[in-house]
Amino acid sequence: MAVKQISERTYWVGAIDWDRVLFDELVTLPEGTSYNAYIVKGSEKTALIDTVEPHKKEELFKNLKELGIERIDYIVSNHAEQDHSGAIPDVLKAFPKAKVVTNKKCKQMLQDLLHLPEEVFKVIDEGESLSLGDRSLQFFMAPWVHWPETMFTWVPEEKVLFTCDFLGSHIATSELFDTTDENRAKVYLETKRYYAEIMMPFRNFIKKHLALIDRLGPEIIAPSHGVVIKDVEFMTGAYKRWVSDEVKPMVIIPFVSMHESTRHMVEHLTSELSKEGVIVRPYNLITADLGNAAMDLVDAAAVVIASPTVLAGAHPAVISFAYLTNGLRPKTKFLGVIGSYGWNGKVMVKHVQETLKNIKAQWLEPVLVKGLPREEDFNRLSAFAKELAEKVKAVSTL
Ligand SMILES: Cc1cc2nc3c(=O)[nH]c(=O)nc-3n(C[C@H](O)[C@H](O)[C@H](O)COP(=O)(O)O)c2cc1C
């Protein structure tokens with residue numbers, strides 16, 4: 001992809017991964033992704049903000065050449081993760097006089113991950129500025145978006161804030177900005193997916209970073225994945241809702257069923273809850289895109305896990321999802337377990353509850369059925385649905 005101008009003196013020089021389908025061997029990428037690197041050209045010095053995934057480094061070099069960059073004074077590293085830092089050793093080889101500018105923690109991580117030598121670094125502190133002549137870089141620590149060393153770089157003269165992973169999305173597009181209607185819809189969805197899969201565990205930190213952004217008042221936010229954000233208020237507004245304690249009247253039902261017994265239970269619960277006016281999303285964990293389920297975890301009021309008993313526990317796909325959910329720490333207020341068993345279903349409930357032990361939510365009384373559900377079991381599920389719907393509606397404000 002060609003170089004793109006973001007503002008008077010800042011340029012996008014990154015790389016687009018049009019057909020990448022999986023990130024971190026964990027996260028699906030329905031829209032591909034990009035590794036955004038940027039140039040800030042001051043009257044005296046030039047800074048490169050982050051780099052790209054190593055397998056895309058030739059694109060970065062092509063863009064630097066196209067922009068006529070003959071000298072890089074600073075390589076700012078906002079985040080040590082290799083999809084942004086991995087090409088730093090190559091950039092240093094091409095521009096040996098450049099200094100890697102980052103905070104103390106990130107420096108240590110870059111040394112551990114990439115074996116960069118001590119002498120290439122220039123360590124900066126919270127709030128410190130670095131002059132590029134008529135432009136400057138100011139650094140703000142922003143831990144846990146998404147590792148402990150992450151930071152923002154602010155160019156006050158351009159009103160551009162480089163936030164690395166924060167406010168980013170996995171999108172491959174030739175459009176630079178979030179400005180067309182179609183792009184805006186995609187950006188909202190993919191930013192929510194990114195938040196759900198990457199940022200959700202850190203929502204209390206994020207509240208502080210959003211306050212910092214409000215204070216700085218950027219006109220443009222340039223993250224390290226996806227499009228560049230011009231509608232700052234729209235995106236920070238969405239983030240503010242996601243990190244708040246507010247929930248939607250929504251129940252998600254991640255399930256697995258081998259012989260249809262649990263499926264019948266899920267179908268009955270789904271229709272009973274929707275009759276009560278609650279939004280319901282059943283996810284068959286064998287076929288569902290887990291990213292979609294994670295997106296619903298962002299603001300669902302309740303999660304009901306549905307599983308058969310398998311080998312004296314829950315189905316492995318259910319446990320895998322419960323493990324992920326436990327790590328993502330959603331703000332769900334109620335948790336439930338339903339399912340079918342052959343001879344002892346209690347072990348399945350225990351397995352699920354132990355796997356979700358980090359979630360601070362109220363547990364409902366489980367509904368277990370031996371084999372296929374009978375009429376009395378459906379009645380128990382109806383009562384369960386009524387109780388859950390009342391609880392969910394009482395706490396929902398979104
Ligand atoms: C591979 C396998 C392992 C099972 N292990 C257990 C078990 O450890 N304890 C138990 O109570 N039932 C066990 N069952 C029985 C199922 O829990 C039971 O058939 C249940 O009704 C299946 O629900 P489903 O139709 O939703 O898959 C097992 C079934 C299968 C196929």
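Residues numbered from 1 in each chain as written. Predicted model: local features only at pLDDT ≥ 70, side-chain atom pairs only at ≥ 80, totals over all residues. Heavy atoms only, no water.

As annotated in an unreviewed UniProt entry, the protein is Flavodoxin/nitric oxide synthase from Thermovibrio ammonificans.

Visitor: What should I look at first to understand the packing of aromatic side chains in this one?
Guide: For the coordinates displayed, the defined rule picks out ten aromatic pairs. Arranged with centres 6.4 Å apart and planes meeting at 50°, the rings of Trp144 and Phe205 form a pair that is tilted. Within this pair, whereas Trp144 is found in the loop between strand S13 (136–141) and strand S14 (151–155), its partner Phe205 is found in helix H6 (residues 203–216), the two being separated by 61 residues in sequence. The exposure class assigned to Trp144 is partly exposed, which follows from its relative accessible area of 30%. An aromatic cluster is built from Phe152, Phe166, Tyr188, Tyr195, Phe234, Tyr239 and Trp242, whose rings are joined through pairwise contacts. One cation-aromatic arrangement involves Lys208 over Phe205; the distance from NZ or CZ to the ring centre is 5.6 Å. Taking NZ or CZ as reference, Lys230 lies 4.2 Å from the ring centre of Phe177, over its face. (Phe/Tyr/Trp six-rings, centres within 6.5 Å; stacked < 30°, edge-to-face > 60°. Helix = DSSP H or I, 4+ residues; strand = E, 2+ residues; numbered from the N terminus. Buried < 20%, exposed > 50% of the residue type's maximum accessible area, 1.4 Å probe, protein only. Lys NZ or Arg CZ within 6 Å of the ring centre and 35° of its normal.)

Visitor: I would appreciate a short explanation of the site of the ligand in the present structure.
Guide: Taken together, 17 residues lie around the ligand, and Met258, Thr262, Thr309, Ala312 and Ser340 are the ones closest in. The side chain of Thr262 places a nitrogen or oxygen atom 2.6 Å from an oxygen atom of the ligand. Contact between the ligand and Trp343: an oxygen atom at 2.8 Å from a main-chain N or O atom of the residue. The protein chains hide 79% of the 640 Å² of surface that the ligand would expose on its own. Secondary structure elements with two or more residues in the shell around the ligand: helix H8 (261–275), strand S20 (309–310) and strand S22 (334–341). Among the residues forming the shell around the ligand, the class breakdown is seven nonpolar, nine polar and one charged. (Near = heavy atom within 4 Å. Polar contact = N/O pair within 3.5 Å; in protein donor to acceptor, adjacent residues only side chain to side chain. Areas by Shrake-Rupley, 256 points an atom, 1.4 Å probe, with all protein chains shown as cover. Nonpolar A, V, L, I, M, F, W, Y, C, P; charged D, E, K, R; others polar.)

Visitor: Whenever I open this one, unusual backbone geometry confuses me. Can you help?
Guide: The bulk of non-glycine residues show a negative phi, and the bulk of peptide bonds are trans. Note that the residue after Val145, namely His146, is joined by a cis bond; omega there is 25°. When you line up the elements, His146 lands in the loop between S13 and S14. Despite not being glycine, Leu311 has its phi angle at roughly 50°, a positive value. Within the secondary structure layout, Leu311 lies in the loop between S20 and strand S21 (313–314). Its relative accessible area of 85% is what places Leu311 among the exposed residues.

Visitor: Just checking my understanding: could you explain the sheet that holds strand S15 (residues 160–164) for this structure?
Guide: Strand pairing in a sheet takes place through backbone hydrogen bonds and is either antiparallel or parallel in direction. Strand order in the open sheet formed by five strands is S12-S13-S14-S15-S16, and the pairing between neighbours is mixed. The open sheet has two edge strands, strand S12 (129–131) and strand S16 (220–223), and neither has a second partner. Sheet twist, expressed as the mean angle between neighbouring strand axes with direction ignored, is 20°. Across three bridges, the pairing between S12 and S13 is antiparallel. Across the sheet, residue Ser131 finds its bridge partner in S13, namely Ser136. (Pairing = 2+ DSSP bridges. Axes fitted to C-alpha atoms, helices over the stretch in contact; angles between N-to-C directions.)

Visitor: It is not clear to me how the sheet that holds strand S1 (residues 4–7) should be interpreted in this structure. Could you clarify?
Guide: Taken together, seven strands build an open sheet; the order of strands is S1-S2-S7-S8-S9-S10-S11 and the sheet is mixed. The sheet is open, and its two borders are formed by S1 and strand S11 (121–123), each paired with just one other strand. Neighbouring strand axes in the sheet, compared pairwise and without regard to direction, differ in orientation by 30° on average. The sheet contact formed by strand S7 (residues 38–41) and strand S8 (residues 46–49) spans four bridges and is antiparallel. Bridging across to S8, Lys41 finds its partner in Thr46.

Visitor: Help me understand the domain arrangement of the protein, please; the structure alone is not making it clear to me.
Guide: A common way to state how big an interface is: give the accessible area lost once the parts meet. Domain boundaries in the protein define domain 1 (4–243) and domain 2 (256–389). Here the C-alpha centre of domain 2 lies 38 Å away from the C-alpha centre of domain 1. Contact with domain 1, which involves 13 residues of that partner, is made by 13 residues of domain 2. Taken together, both faces of the contact between domain 1 and domain 2 bury some 1,100 Å²; the carbon and sulfur share is 63%. Linking domain 1 with domain 2 are two salt bridges. Linking Lys192 and Asp299 is a salt bridge whose minimum nitrogen-to-oxygen distance equals 3.1 Å. Inspection of the domain 1/domain 2 interface yields five residue pairs in polar contact (both at pLDDT 80 or more). Residue assignment for the side of domain 1 that touches domain 2 shows that the elements contributing at least two residues are helix H5 (181–199) and helix H7 (232–243). (Domains from an automatic or database assignment. Contact = heavy atoms within 4.5 Å. Buried area = accessible area lost by both parts, 1.4 Å probe. Salt bridge = Lys/Arg side-chain N within 4 Å of Asp/Glu carboxyl O.)

Visitor: Any chance you could explain the UniProt feature "domain: Flavodoxin-like" (unreviewed entry) in the protein here in plain terms?
Guide: When the UniProt feature table is mapped to this numbering, "domain: Flavodoxin-like" (unreviewed entry) covers residues 251–389. Across residues 251–389, helical content stands at 44% and strand content at 26%; the span's end C-alpha atoms are separated by 9 Å. (UniProt positions renumbered as here; feature names shortened; annotations may be inferred.)

Visitor: I keep staring at the pairing of S8 and nothing clicks. Help me out?
Guide: Along a regular strand, successive side chains alternate from one face of the sheet to the other. Side chains Thr46 and Leu48 project from S8 onto one buried face, and the interleaved Ala47 and Ile49 project onto a second face that is buried too. Pairing of S8 with strand S9 (residues 74–76) involves three bridges; the strand directions are parallel. In the strand pairing of S9, Ile49 is matched with Val76. The β-α-β motif built from S8, the intervening helix H1 (residues 57–66) and the parallel element S9 has right-handed crossover chirality. (Right-handed = clockwise from strand over helix to strand, strands pointing away.)

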